[in-house]
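# What the coordinates show
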Amino acid sequence: MTPTPIILDCDPGHDDAIALLLAVASPEIELVGVTTVSGNQTVDKTTVNALKVLELAGRSDIPVYAGADKPFLRERDVAAHVHGESGLDGPDLPEPSRQAESQHAVDYLAEEIRRRNGKITLVPTGPLTNVGLLLSLHPDARPVRIILMGGSIGEGNRTPAAEFNIWADPEAAERVFKEHLDTTMVGLDVTHRALIKDAHTERMRGAGKVGRMVAELMDFYARFHKSRYPDLDGSPMHDPVCVAHLIDPTLMEVRDAFIEVDCSAGPSWGRTNVDWRGREHFGAPNAKVGLDIDGERFAELIVERITSLG
Ligand code: RIB
Ligand code: CA
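Residue positions are given per chain, counting from 1 as you read along its sequence in written order. For this description, chains carry letters from A and ligands carry numbers from 1, given in the order in which they are written. Where totals are concerned, whole chains, interfaces and linings use all residues; where local detail is concerned, this predicted model gives features only for residues with pLDDT of at least 70, and gives and counts side-chain atom pairs only at 80 or more. Heavy atoms from the whole structure form the basis of all side-chain values; hydrogens and water molecules are not counted.

## What about the side chain of Thr183?
Helix and strand labels come from DSSP, where a helix needs a run of H or I of at least four residues and a strand needs a run of E of at least two; each type is numbered from the N terminus. Positionally, Thr183 belongs in strand β6 (residues 183–186). Here the term buried applies to any residue with accessible area under 20% of the maximum for its type, exposed to any over 50%, and partly exposed to those in between, with areas from a 1.4 Å probe on protein chains only. We classify Thr183 as buried; its relative accessible area is 1%. Whether two residues touch is decided by their heavy atoms; if any such pair falls within 4.5 Å, the residues are in contact. The residues touching Thr183, leaving out its near neighbours within four places in the chain, are Ile146, Leu148, Phe177, Ala287 and Lys288.

## A few points about the coordination of the calcium ion (ligand 2)
Taken together, Asp11 (OD), Asp16 (OD), Asp16 (OD), Thr125 (O) and Asp239 (OD) make up the full set of protein donors to the calcium ion (ligand 2), lying 2.2 to 2.6 Å away. Motif for the calcium ion (ligand 2), donor spacing along one chain: D-x4-D-x108-T-x113-D. Of this pair, Asp16 sits in helix α1 (residues 14–24) while Thr125 sits in the loop between β4 (121–124) and α5 (129–137), placing them 109 residues apart in sequence. The residues Asp16 and Thr125 share a single accessibility class, namely buried. Note on donors: an N, O or S atom is included if it sits within 2.8 Å of the metal, or within 3.2 Å for Na, K and Ca, and water is never included, so sites can look incomplete.

## Some points on the layout of surface pockets
The distinction between a cavity and a pocket rests on a 1 Å grid over the protein atoms alone: a 1.4 Å probe fits inside a cavity but cannot get out, while a pocket stays open yet meets protein on both sides within 12 Å along at least five of seven lines, and a residue with an atom within 4 Å of a point counts as lining. Grid points are joined across faces, edges and corners, and a volume is the space filled by probe spheres set on the points. Put simply, the largest pocket is a space of about 310 Å³. Taken together, 25 residues make up the lining of the largest pocket; nearest its centre are Val82, His83, Asn157, Phe164 and His238. Elements that contribute at least two residues to the lining of the largest pocket include exactly α1, α3 (80–83), α6 (164–168), α10 (208–228) and α11 (238–247). When residues in the lining of the largest pocket are grouped by element, the largest group, 4 residues, is from α10. When residues are grouped by polarity, Ala, Val, Leu, Ile, Met, Phe, Trp, Tyr, Cys and Pro land in nonpolar, Asp, Glu, Lys and Arg in charged, and all others, Gly among them, in polar. Across the lining of the largest pocket, the residue classes tally to 9 nonpolar, 9 polar and 7 charged.

## A few points about empty space enclosed by the protein
Considering all chains together, one arrives at 1 cavity of 30 Å³ or more under this definition. Looking at the largest cavity, its volume works out to about 80 Å³. Lining of the largest cavity is provided by 13 residues; of these, Ser38, Pro71, Arg76, Asp77 and Ala168 occupy positions nearest its centre. Sort the elements by how many residues they give to the lining of the largest cavity and α6 lands first, with 3 residues.

## Focus: the site of ligand 1
Taken together, the neighbourhood of ligand 1 is formed by Asp11, Asp15, Asp16, Asn40, Thr125, Met149, Asn157, Glu163, Phe164, Asn165, His238 and Asp239. Identification of polar contacts relies on pairs of N or O atoms within 3.5 Å, with a donor-acceptor requirement for protein atoms, meaning one able to donate a hydrogen and the other able to accept it, and with residues adjacent in sequence counted only if both atoms are side-chain atoms. One of the side-chain nitrogen or oxygen atoms of Asp15 is found 2.6 Å away from an oxygen atom of ligand 1. Here Asn157 contributes a side-chain N or O atom positioned 2.8 Å from an oxygen atom of ligand 1. Reported accessibility uses the Shrake-Rupley method at a 1.4 Å probe radius. Residues are deemed covered only where the shown protein chains occlude them. Compared with its free state, where it exposes 280 Å², ligand 1 has 96% of that area covered by protein. More than half of a molecule's atoms within 2 Å of the grid points is what it takes for that molecule to sit in a cavity or pocket. Judged by its atoms lying within 2 Å of the grid points, ligand 1 is housed in the largest pocket. At the level of secondary structure, the elements contributing two or more residues to the shell around ligand 1 comprise α1, α6 and α11. Taken together, the residues of the shell around ligand 1 break down into 2 nonpolar, 5 polar and 5 charged. Throughout, the term near means that a residue has one or more heavy atoms lying within 4 Å of the molecule or strand in question.

## Focus on the pattern of salt bridges
What makes a salt bridge here is a side-chain nitrogen of Lys or Arg within 4 Å of a carboxyl oxygen of Asp or Glu, nothing more. Per the counting criterion, the structure on display carries 25 salt bridges. Note that Lys197 is salt-bridged to Asp233, the shortest N-O span being 3.2 Å. Of this pair, Lys197 sits in the loop between β7 (195–196) and α9 (198–205) while Asp233 is found in the loop between α10 and β8 (235–236), placing the two residues 36 residues apart along the sequence. The partly exposed category is assigned to Lys197, whose relative accessible area is 28%. Overall, the relative accessible area of 52% leaves Asp233 in the exposed class. Each member of the salt-bridge network shares a partner with another, and the members are Glu28, Glu304 and Arg305.

## Structural notes on the packing of aromatic side chains
Pairing of aromatic side chains here covers Phe, Tyr and the six-membered ring of Trp, requires ring centres within 6.5 Å, and sorts the geometry by plane angle: under 30 degrees stacked, over 60 edge-to-face, intermediate tilted. Tallying each qualifying case throughout the model produces 4 aromatic pairs. Geometrically, the ring pair formed by Trp167 and Trp269 is stacked, given 5.2 Å between the ring centres and 25° between the ring planes. One end of the pair, Trp167, is in helix α6; the other, Trp269, is in the loop between β9 (252–261) and β10 (272–275), with 102 residues separating them in the sequence. The burial state of Trp167 is the same as that of Trp269; both residues are buried. With a centroid separation of 5.8 Å and an interplanar angle of 55°, the aromatic rings of Phe258 and Phe282 are classed as tilted. Of the two residues, Phe258 is situated in strand β9 and Phe282 in the loop between β10 and β11 (287–293); the sequence distance between them amounts to 24 residues. Residue classification places Phe258 among the buried residues on the basis of a relative accessible area of 16%. Joined through ring pairs, the aromatic side chains of Phe164, Trp167 and Trp269 make up one cluster.

## What about the nonpolar core?
Put simply, a nonpolar core is a bunch of buried Ala, Val, Leu, Ile, Met, Phe, Trp, Tyr and Cys residues held in one set by side-chain atoms that sit within 4.5 Å of each other. If you look at the biggest cluster of nonpolar residues, it comprises 66 residues, and the most contacted ones within it are Leu8, Leu31 and Val34. Leu31 has contacts with Ile6, Leu8, Leu20, Ala23, Val24, Leu54 and Ile62, leaving out every residue within four places of it along the chain.

## Things to note about the environment of Asn273
You can see Asn273 is positioned in strand β10. Sequence separation of Asn273 and Ala17 is 256 residues, and the distance between their C-alpha atoms is 28 Å. Not counting residues up to four positions away in its chain, the partners in contact with Asn273 are Phe258, Ile259 and Glu260. A polar side-chain atom of Asn273 sits 3.1 Å from a polar atom in the side chain of Arg271.

No statement about biological role is implied by the geometric values presented.
What follows is the structure, encoded as structure tokens:
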């Protein structure tokens, strides 16, 4: 089986960190490079966090490139209430022994995509600022596929209307959906069924330094979710679902959809309006959207792969 080459564009972020670890733990995936963006925290912090996580997993060979430090237009607003001041509060992770590459993430994305004639999957798990800039600045560089974490058919999380990644940079997100690439949106409707429970965390805690680190990430991450979402029986693993979908496409139910982003000022800005029912007054599908996931099998995959890193 030839592994699928991907670039993870992320804002670590507890769930981004677990998505990175899932990617490096999985033979189905070749993590070619990592790009970072402002989102859960400022891009200087999300970049250091990506370097720390890769180093802990013994994968300092994977290059990291820092990207946009603020959204296209909107004011930057981080999610310290979820991920802490560092963006990866909880475990005491050593400072990375290397720097990020000097090239800007967007220029790296364009070069790597060209180098591979587009044969690479882009997995954005933060605000879509870097991806929007790529599409605008480099019209000749298009990945074969995008699997992004963001949006929701139903309720949002940053606001009742909007999910954080889209809310943080709605204009960039709209630019991505308008491109009509092979784009799969993994939204909250799915990720709120992709839960890591305390029992899963305890199984990982005893599995070496990576398992212990992930358990300590979950200890911190679960605090917010237990108070904000007492109705969920666990903590949503938003970003790892994108990687899991590449590893095992039978996990998530997907439909063609027409997706547009509300970029108007007001209580619904950043909302993804998703038509997956083929309503007559919408355009042809411009994306796919996740509808449901086998939460049990997903959680087992996470535990199995994280514990395999030792
Ligand atoms: O709304 C969840 C998303 O926002 C996840 O990607 C999380 O890491 C944050 O970036
Ligand atoms: Ca993220």
